[in-house]
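Each chain, letter by letter, is given below.
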Amino acid sequence: MGSLGSRGIAFLALLVASLVVVLPTFVDVPSWWPWRQPVRLGLDLRGGTYLLYQVEVEQAVDNTVERRARDLESELRSGNVGAFTVDRVGREIHVRLAAKDRRADARRLVEERFPDLVVAESAGADGADLTLRLSEREVATVRDGAVAQAVEIMRNRIDQFGVAEPTLQTQGQDEIVVQLPGIQDPQRAKDLIGRTALLEFKLLAEGPQAGTVQSPGPGIQVLFGEGGGGGRTQYLVERRAIMTGDVITDASVRPGGVGEGYAVDFTLDSRGARLFGDATTQHVRRQLAIVLDGYVQSAPEIREPITGGQGQITGRFRIEEAQDLANVLRHGALPAPLKLLEERTVGPSLGKDSIRQGSISFVVGSILIIVFMLVYYRGGGLIADLALLLNVLLILGAFAAFGFTLTLPGIAGIVLTVGMAVDANVLILERVREELRAGKGARAAIDAGYDRAWTAILDSNVTTFLSGVILFQFGSGPVRGFAVTLCLGILTTLLTAVFATRVVYDWRLANRRLATVSV
Amino acid sequence: MKSTRTAQGQERLQHGAAATPRQAPTFFQLIPPNPGIDFIKLSPKMAIASTILVLLSFSSLFYRGGLNYGIDFAGGTMVEVRFPQAVAVGDVRAALEQPDIREATVQDIGGGSNDFQIRVQAGETEMGSAVADAVKRGLQAKFGEGSFDVLRVEAVGPKVGKELWRQALLAVLASTVVMGIYIWIKFNLAFGIGAAVALLHDVLITVGALLVFNMEFDLTTVAALLTVVGFSVNDTVIISDRIRESRIRMRKEPLETVMNVAINETLSRTIINSGTAILVTAALYALGGPVIHSFAFALLVGFIIGTYSSIFVATPIVLAVERRTARR
């Protein structure tokens, strides 16, 4: 504990600093004011939307296995292993070779080119089979990567959507919290953020092997899509995609022809341009389905080879739809689908109500406490009241300075702190009274009061602090806001109700030969 | 204070170390400094009262068939809307009779026929936000576009609700145990046990009160329960601290006397501290608005019970445990 002067100056500095950072929250400050950022309000006070998504990471693992199977297929084709088939069965890739003696070659090729695949020694195999699995480590990488990538892509999409101060956080293993202040109708935001946006280019099936909608042929699937007259229809398309949207480098909105709504132009990277060029050269006169998230947007006929690396998606889009589609195409597909677990929206009028009601209960609660302390402890009460005001100012100051988010339960936490902070003063003042009753002088009574009350104050505050920490661990959103206020309130209470009031007493005792003390 | 009047009636529970003041000052006070109440003697009667309250809590749980879970725990969809003019509840219900909405309950909140809370139970698969959209569409079709304000929407999947409930239970139990252990370390095992039992007692009775008054049980209510735990243990610590201190001072006295002295000496502080805390929670309850209504209610009940339990539950248990260990 420093000298009286230095302690006094420290508290004065705290008071001034708090005033500086808190003031912009309540009044318009002049331009030279050193702090501009007001206290940040939670969604429950300012209005907005909270979304909790789960990334379906297992789907990302499945997709990776599927991709490896396709890559393996093309690698084996260029390798010298004879005839073969590659199938994905769940998380396993089954390679069936026509010639037994090529198995070692195929195995070597897998080990060289695909270090993340492990060969499972299948019992009962006739010697021409290989069963492959994704290594454990790769599975973990895919899972983590899917969440990180999803956050990145969602952030890009939201940034273009134009929300002020959006926040995205991962939570737990595979959850993502999205907070959009000021968004009252979250439908468009949800459509945009949660959309997988997997774009695939697939050839429409032709000829006898295509089968029918009821029984599609091998390697053929049935997809819903836009029909000719604006309705829905079913398409038979090849399961294998010529390419996917990850080769798109740019996308933009363009007005379509009369009555056709808007279209989206896209530009491909060099790999995409080559793939697209080869496919359109090989398959002139056939129809190419442009599939977005499993829905056929359009299926134009390939009239001539497209080698310029440019293309267009038409689908009778409204302008917003076209804009959002261009947005998601630019930023790529999500590595796995998202599941919306929770949605909470608070309208602006409820937020305003909450701020008003929270403020009123704060003011009324504070006045009750301040008056009570003044009546009950007179001078000692006055000092405690001043400490209380400093206490509230410090809490708000911490909120402003450290960018904590103030929620409605947070306001309740401040009100509660006001009610509980005086406990330290009550403990001290009751002790001082006891010492005075025991016949001690003012100075000795105050010293003894502070000393003997200290252990009880510390222990009782540590326990409340502990429950605040547990609460923080458990809660999310508004509840966390409450936990933060509770813990912060305990720290500021120790600082103000114990140390700051002591400074006042020491100062008064040092300046005058104080014979009496008003408690 | 300049009064020269001698204090009377404070020597009733006189103990050795306290010197009689020559010229005792008097203070403005609600509780005399040493009221001399024999709390320990009262504790068996209070134990019966506590038992009845706890049993009442359990029986109301069965009577109500479970807590009145909010969306957080039950899962499902909740939409709150505000109409500028009074609207009949029946009209709102009629607007919601749609195939997409199953078992909607409509409640007039605030009592002015302006604000309504619509709750739809969680389905097995469909996401609640789709249900919320259906509710909004239904209301728009009936009352016209822009004829109402959406105050808030909450949609929580049923699985999330169960997981949250598990976490909440864990948090409350963990805090009780952590508090017990902290007090065990700072004091001794007997005090630790006393505090933990008192905390469980407080939580059970507070939950019972929520049941009896059919208050909604959601995440903020759990936050309130944890705060009650923190507050109650705070009170217990103050009394335990005094018992420990007085014990050293009054080595020859039996523990009952020491405890009575400690409780009496801290009674004024206990009443004032709980009083101020209860005062502000009452302000929150009366003025804080519907969003934190059940939160403030839980705090209010919990603080009252917490104050009571520090004196009548925690301390007698400490006495019982200490006696048992002394006998061995």
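Cut-offs used in this document
Residues numbered from 1 in each chain as written. Chains lettered and ligands numbered in written order. Predicted model: local features only at pLDDT ≥ 70, side-chain atom pairs only at ≥ 80, totals over all residues. Helix = DSSP H or I, 4+ residues; strand = E, 2+ residues; numbered from the N terminus. Rg over C-alpha atoms; globule rule 2.2 N^0.38 Å. Buried ≥ 20, exposed ≤ 12 C-beta atoms within 10 Å, placed from the backbone. Contact = placed C-beta atoms within 7 Å. Nonpolar A, V, L, I, M, F, W, Y, C, P; charged D, E, K, R; others polar. Pairing = 2+ DSSP bridges. Domains from an automatic or database assignment. Axes fitted to C-alpha atoms, helices over the stretch in contact; angles between N-to-C directions. Core = buried A, V, L, I, M, F, W, Y, C linked by C-beta atoms within 7 Å. Expected span 1.5 Å × (residues − 1). Bend = angle between axes of the 7 residues up to and from the residue. Left-handed = near helix turned anticlockwise from the far one by under 90°. Arc of directions from axis to C-beta. Parallel < 35°, antiparallel > 145°, perpendicular 65-115°, else oblique.

A look at the overall build of chain B
Okay, so step 1: Each helix and strand in chain B was counted, giving nine helices and four strands.
Okay, so step 2: Across chain B, helices and strands are ordered from the amino to the carboxyl terminus as α-α-β-α-β-β-α-β-α-α-α-α-α.
Okay, so step 3: For a compact globule of 328 residues, the expected C-alpha radius of gyration is about 20 Å, and chain B comes in at 26 Å, more than 25% above that figure.
Okay, so step 4: Here the C-alpha coordinates of chain B stretch approximately 80 × 55 × 30 Å along the principal axes.
Okay, so step 5: The buried share among the 328 residues of chain B stands at 49%.
Okay, so step 6: For chain B, the proportion of contacts with a sequence separation of at least 24, taken over those separated by at least 6, is 75%.

Description of the overall build of chain A
Okay, so step 1: Secondary structure assignment for chain A yields 12 helices and 19 strands.
Okay, so step 2: Here the C-alpha atoms of chain A give a radius of gyration of 34 Å, more than 25% beyond the 24 Å that 2.2 N^0.38 yields for 519 residues.
Okay, so step 3: Counting only C-alpha atoms, chain A reaches 110 × 65 × 40 Å along its principal axes.
Okay, so step 4: Sorting the 519 residues of chain A into buried and exposed places 43% on the buried side.
Okay, so step 5: Counting only contacts in chain A whose residues sit at least 6 apart along the sequence, the fraction spanning at least 24 positions is 69%.

Things to note about the interface of chain A and chain B
Much of the literature gives interface size as the accessible area that the parts lose upon coming together.
Okay, so step 1: Facing 64 residues of chain A, the contacting portion of chain B comprises 66 residues.
Okay, so step 2: Counting residues per element, the ones that place at least two in the side of chain A that touches chain B are α6 (187-194), β18 (338-346), α9 (348-402), α10 (408-437), α11 (442-474) and α12 (478-511) of chain A.
Okay, so step 3: At 17 residues, α10 of chain A tops the list of elements feeding residues into the side of chain A that touches chain B.
Okay, so step 4: Class assignment for the residues of the side of chain A that touches chain B results in 32 nonpolar, 21 polar and 11 charged.
Okay, so step 5: Across five bridges, the pairing between β18 of chain A and strand β4 (residues 149-156) of chain B is antiparallel.

Some words on the domain arrangement of chain B
Okay, so step 1: Split by domain assignment, chain B resolves into domain 1 (40-68 + 161-327) and domain 2 (76-156).
Okay, so step 2: A separation of 39 Å is found between the C-alpha centroids of domain 1 of chain B and domain 2 of chain B.

Regarding the environment of Q209 of chain A
Okay, so step 1: Tracing the backbone shows Q209 of chain A in the loop between β9 (199-203) and β10 (220-226).
Okay, so step 2: The sequence separation of Q209 of chain A and I220 of chain A amounts to 11 residues, and the corresponding C-alpha distance is 8.6 Å.

Here we look at the sheet that holds strand β13 (residues 248-255) of chain A
All names here are of chain A.
Okay, so step 1: Pairing is antiparallel across the open sheet formed by three strands, whose spatial order is β13-β14-β17. At either margin of the open sheet sits one strand with a lone partner, and together these are β13 and β17 (310-317). Between one strand and the next, the sheet's axes are offset by a mean angle of 25°, whatever the strand orientation.
Okay, so step 2: Judged from the seven bridges that link them, β13 and strand β14 (residues 262-268) form a sheet pairing that is antiparallel. Its bridge partner lying in β14, A251 is registered against F266.
Okay, so step 3: Contacts from helix α8 (residues 319-331) reach β13, β14 and β17 within the one sheet, and its direction differs from that of β13 by about 170°.

A few points about the nonpolar core
Residue and element names in this part refer to chain A.
Okay, so step 1: Core analysis: the biggest nonpolar cluster contains 237 residues, and L329 and V415 have the highest contact counts within it.
Okay, so step 2: It is α9 that provides the largest number of residues to this core, a total of 18 residues.
Okay, so step 3: Look past the residues within four positions of L329 in its chain and what remains in contact with it is A197, L199, G245, I248, A251, V264 and F266.

Looking at the sheet that holds strand β2 (residues 48-55) of chain A
Okay, so step 1: In spatial order, the strands read β7(A)-β8(A)-β2(A)-β18(A)-β4(B)-β1(B)-β3(B)-β2(B); together these eight strands make up an open sheet with antiparallel pairing. The sheet terminates laterally at β7 (167-171) of chain A together with β2 (104-109) of chain B, the two strands that pair on one side only. Between one strand and the next, the sheet's axes are offset by a mean angle of 20°, whatever the strand orientation.
Okay, so step 2: Here seven bridges tie strand β1 (residues 76-82) of chain B to β4 of chain B, and the two strands are oriented antiparallel to one another. Residue pairing in the sheet places R82 of chain B in a bridge with D149 of chain B of β4 of chain B.
Okay, so step 3: α9 of chain A contacts β18 of chain A together with β1 and β4 of chain B of the sheet and is inclined by roughly 95° relative to β4 of chain B.

Examining the domain arrangement of chain A
Okay, so step 1: Assigned domains of chain A: these are domain 1 (4-47 + 347-511), domain 2 (58-139) and domain 3 (195-344).
Okay, so step 2: On a C-alpha basis, the centroid separation for the pair domain 2 of chain A and domain 3 of chain A is 29 Å.

A closer look at α9 of chain A
All names here are of chain A.
Okay, so step 1: The end-to-end C-alpha distance of α9 is 25 Å, clearly below the 81 Å that 55 residues give at a rise of 1.5 Å each.
Okay, so step 2: Taking the largest bend as the criterion, α9 deviates by roughly 145°, centred on Y377.
Okay, so step 3: G403, located one to two residues past α9, shows a positive phi value of around 70°.

Re the packing of helix α5 (residues 136-161) of chain A against α8 of chain A
Residue and element names in this part refer to chain A.
Okay, so step 1: Orientation of α5 relative to α8, taken along the N-to-C sense of each, is 145°, at an axis distance of 9 Å. Viewed along their axes, α5 and α8 form a crossing whose handedness is right-handed. For the pair formed by α5 and α8, the contact residues are I153, N156, R157 and Q160 on the first element and N327, V328 and H331 on the second.

Some remarks on the pairing of strand β3 (residues 84-89) of chain A
Residues and elements named next belong to chain A.
Okay, so step 1: Note: β3 against strand β4 (residues 92-97), six bridges, orientation antiparallel. Looking across to β4, one finds that T85 is bridged to R96.
Okay, so step 2: Linking β3 to β4, which pair antiparallel, is a turn of two residues; within it G90 sits at a positive phi near 60°.

Overview of unusual backbone geometry
Okay, so step 1: Not every positive phi belongs to a glycine, and A197 of chain A is a case in point at roughly 60°.
Okay, so step 2: Here A197 of chain A shows up in the loop between α6 and β9.
Okay, so step 3: For A197 of chain A, a count of 21 C-beta atoms within 10 Å translates into the label buried.
Okay, so step 4: Positioned with a positive phi, S113 of chain B is a non-glycine residue whose angle comes to about 60°.
Okay, so step 5: Within the secondary structure, S113 of chain B sits in the loop between β2 and β3 (115-120).

Brief notes about the pairing of β3 of chain B
All names here are of chain B.
Okay, so step 1: For β1 and β3, the ladder comprises six bridges, and the chain directions are antiparallel. Across the sheet, the residue bridging to T77 is V120, located in β3.
Okay, so step 2: Pairing analysis gives six bridges linking β2 to β3, with the strands arranged antiparallel. What sits directly across from D108, in β3, is F116.
Okay, so step 3: Between β2 and β3, which pair antiparallel and follow one another directly, the connecting turn spans five residues, one of which, G110, has a positive phi of 90°.

Describing α6 of chain A
Okay, so step 1: Three or more residues of α6 of chain A are buried, namely A189, K190, L192 and I193 of chain A. Axial view of α6 of chain A: buried residues confined to an arc of 170°, hence all on one face.

Remarks on the packing of helix α7 (residues 219-249) of chain B against helix α9 (residues 293-327) of chain B
Residues and elements named next belong to chain B.
Okay, so step 1: Between α7 and α9, the shortest axis-to-axis distance is 8 Å and the interhelical angle comes to 30°. Relative to α9, the element α7 is oriented roughly parallel. Pair α7 / α9 crosses with right-handed handedness.
Okay, so step 2: When grouped by side-chain class, the residues that make up the contact of α7 with α9 number 12 nonpolar, 12 polar and one charged.

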